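# Breakdown of the fold
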Amino acid sequence: MSTDRRVGVWLIGAAGSVSICSIAGVEAMRAGLIGRTGMVSELAELRGLGLIEPESLVFGGHEIRRCDLVAEAEEFAQANGVLTPEILEAAKPALERASANLRPGLTLNCGEGLRRVAPPSERDRLPLLEIVESLKQDLAEFRTRNALDAVIVVNLASAERAFEMPREYAYLETFLGM
């Protein structure tokens, strides 16, 4: 695997349990607290592909709640014990760095469940093209600020029932005119 590239992982739903466990897991591997058992990238068939070492990943993301990832990880650990005190300690610096890389997420078109957790943000009130530009800006700033070679986006946001897409979204011309 390759350690000469730095890759950003932009997590949509960055304070959720899967996101927290992803960050903590990478840091636990880095600290030697857990092994790589179960990682497909460790298979002999994939070793020569130049895949990124998990330790080369830098985390950030969008989150609809104002929160601190260290506090979220501690709460998650207390609730289920998946993250041990040793893993929490090892992950704390990376969770702090990732917290600094958080940006407000969107609640646009979310259901009532998420509306109870987080009210609409300033970004939610922008025209769609401005929303898209602001999201692109968040990703570009993350890449620049962390001197990243690439950024991948992983959607780990809460699942809600599908919504009916407004008719105007079906036509590019109408969408671009919004």
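## Notes on the sheet that holds strand β4 (residues 150-155)
Reading across from one edge, β3-β2-β1-β4 is the order of the four strands in this open sheet, with parallel pairing throughout. Two strands in the sheet have a free side with no partner beyond their single neighbour: β3 (102-104) and β4. If you compare each strand with its neighbour and ignore which way they point, the axes differ by 20 degrees on average. Note that strand β1 (residues 7-12) and strand β2 (residues 57-63) share six bridges and pair parallel. Bridged to V7 within β2 is L57. Contacts from helix α1 (residues 17-30) reach β1 and β2 within the one sheet, and its direction differs from that of β2 by about 165 degrees. Sheet strands in contact with helix α3 (residues 85-100) are β2 and β3, and its direction is about 35 degrees off that of β3.

## What about the packing of α1 against helix α2 (residues 69-80)?
The contact between α1 and α2 brings their axes to 10 Å, and the two run at 100 degrees. One element, α1, and the other, α2, form an angle in the roughly perpendicular class. Along its contact with α1, which presents S17, I20, C21 and I23, the element α2 presents L69, E72, A73 and F76. By residue class, the composition of the contact of α1 with α2 is six nonpolar, one polar and one charged.

## Focus on the side chain of E63
Within the fold, E63 resides in strand β2. Polar side-chain contacts of E63 include one of 3.2 Å to the backbone nitrogen of A14. Look past the residues within four positions of E63 in its chain and what remains in contact with it is G13, A14, A15, G16, R103, P104 and G105.

How each quantity is defined
- Residues numbered from 1 in each chain as written.
- Predicted model: local features only at pLDDT ≥ 70, side-chain atom pairs only at ≥ 80, totals over all residues.
- Heavy atoms only, no water.
- Pairing = 2+ DSSP bridges.
- Helix = DSSP H or I, 4+ residues; strand = E, 2+ residues; numbered from the N terminus.
- Axes fitted to C-alpha atoms, helices over the stretch in contact; angles between N-to-C directions.
- Contact = heavy atoms within 4.5 Å.
- Parallel < 35°, antiparallel > 145°, perpendicular 65-115°, else oblique.
- Nonpolar A, V, L, I, M, F, W, Y, C, P; charged D, E, K, R; others polar.
- Polar contact = N/O pair within 3.5 Å; in protein donor to acceptor, adjacent residues only side chain to side chain.

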